[in-house]
Amino acid sequence: MAKVKNYILEEIDEDDFSLIALHSSCEPYYLAFLLNSKCQCQFAQKKEDVKADHPFESFEWVDPIKGIEIRLFSNRYLKFQKDVQKGSSLFDLPETKELYLIQDLKEVDYIIKIDSGIEDRVMIKRIESIDQVSYRYLIDQSQLKIDSRLNLY
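How each quantity is defined
Residues numbered from 1 in each chain as written. Predicted model: local features only at pLDDT ≥ 70, side-chain atom pairs only at ≥ 80, totals over all residues. Heavy atoms only, no water. Pairing = 2+ DSSP bridges. Helix = DSSP H or I, 4+ residues; strand = E, 2+ residues; numbered from the N terminus. Patch = residues over 30% accessible without salt bridge, like charges linked within 9 Å, V, L, I, M, F, W, Y side chains within 5 Å. Areas by Shrake-Rupley, 256 points an atom, 1.4 Å probe, with all protein chains shown as cover. Salt bridge = Lys/Arg side-chain N within 4 Å of Asp/Glu carboxyl O. Buried < 20%, exposed > 50% of the residue type's maximum accessible area, 1.4 Å probe, protein only. Contact = heavy atoms within 4.5 Å. Polar contact = N/O pair within 3.5 Å; in protein donor to acceptor, adjacent residues only side chain to side chain. Phe/Tyr/Trp six-rings, centres within 6.5 Å; stacked < 30°, edge-to-face > 60°. Lys NZ or Arg CZ within 6 Å of the ring centre and 35° of its normal.

**Student:** I would appreciate a short explanation of the sheet that holds strand β8 (residues 133-138) in the present structure.
**Tutor:** Hydrogen bonds along the backbone pair up the strands of a sheet, which may run parallel or antiparallel. One open sheet accounts for 6 strands, arranged β2-β3-β4-β7-β1-β8; its pairing is antiparallel. Each edge of the open sheet is held by one strand with a lone partner, namely β2 (44-45) and β8. One ladder, built from 6 bridges, connects strand β3 (residues 58-63) with strand β4 (residues 68-74); its direction is antiparallel. Bridging across to β4, E60 finds its partner in R71.

Here it is as structure tokens:
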């Protein structure tokens, strides 16, 4: 008689992720380059973002073999108004509007979302080697009021 194998399927919590806040004055592509070169990451710009009309830049590092799924998002975007009245003053500046991916984190420049593959503390330790990042820390998600429709993918 053949042995019967029983497998137990555990429930997977889909909302199990870590958020790391980064303060940096770098451009998003340069920060992704620094993370790749100094932290052994492999961030690449999402192909959909090149054509997308949303203003927040995002990069992803997905390696299914190693089980790595990490995303880098810009949290801030300056929107310039195109209606500038020319000739009214010497120092005419276009009106700007500042948009945030997560409103509760207005002081944060970039957000790293770690779904799987690397522990959040290990990633923070790696980021310490980047001089252009002035401050980095774990975000307490219980204090955030994130819209449930916000899909960070």
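After presenting the structure, the write-up continues.
**Student:** Would you mind going over a nonpolar patch on the surface with me for this structure?
**Tutor:** A cluster of nonpolar side chains, Y29, Y30 and F33, forms an exposed patch at the surface whose accessible area comes to about 360 Å². Residue position: Y30 is located in helix α1 (residues 28-39). On the basis of relative accessible area, Y30 is assigned to the partly exposed category, the value being 33%.

**Student:** What exactly am I supposed to notice about the environment of K97 here?
**Tutor:** Looking at the element boundaries, K97 is found in strand β6 (residues 96-100). Given a relative accessible area of 47%, K97 falls into the partly exposed group. With sequence-adjacent residues up to four places away left out, K97 is seen in contact with Y77, L78, K79 and Q81.

**Student:** Can you walk me through the pairing of strand β7 (residues 110-116) in this structure?
**Tutor:** For a regular strand, side chains alternate in direction, first toward one face of the sheet and then toward the other. Most of β7 sits inside the fold, with 6 of its 7 residues counted as buried. Relative to β7, strand β1 (residues 18-24) runs antiparallel, the two being bridged by 5 bridges. Looking at the pairing, S18 lines up with I114 of β7. Of the strand pairs in this sheet, β4 and β7 are connected by 6 bridges, and their pairing is antiparallel. Residue pairing for β7: E69 is matched across the bridge by S116.

**Student:** Help me understand the side chain of R71, please; the structure alone is not making it clear to me.
**Tutor:** Within the element layout of this structure, R71 appears in strand β4. Among the polar contacts made by the side chain of R71, one reaches the side chain of D115 at a distance of 3.3 Å.

**Student:** How should the packing of aromatic side chains be read in this particular structure?
**Tutor:** Both the distance between ring centres and the angle between the ring planes are used here to describe each pair of aromatic rings. For the coordinates displayed, the defined rule picks out 3 aromatic pairs. Both rings, one in Y30 and one in F33, keep their centres 6.2 Å apart while their planes meet at 20°; by these two values the pair is stacked. One end of the pair, Y30, and the other, F33, are both in helix α1, 3 residues apart, so they sit about a helical turn from each other. When the ring centre of F17 is taken as reference, the NZ or CZ atom of K113 above it lies at 4.7 Å.

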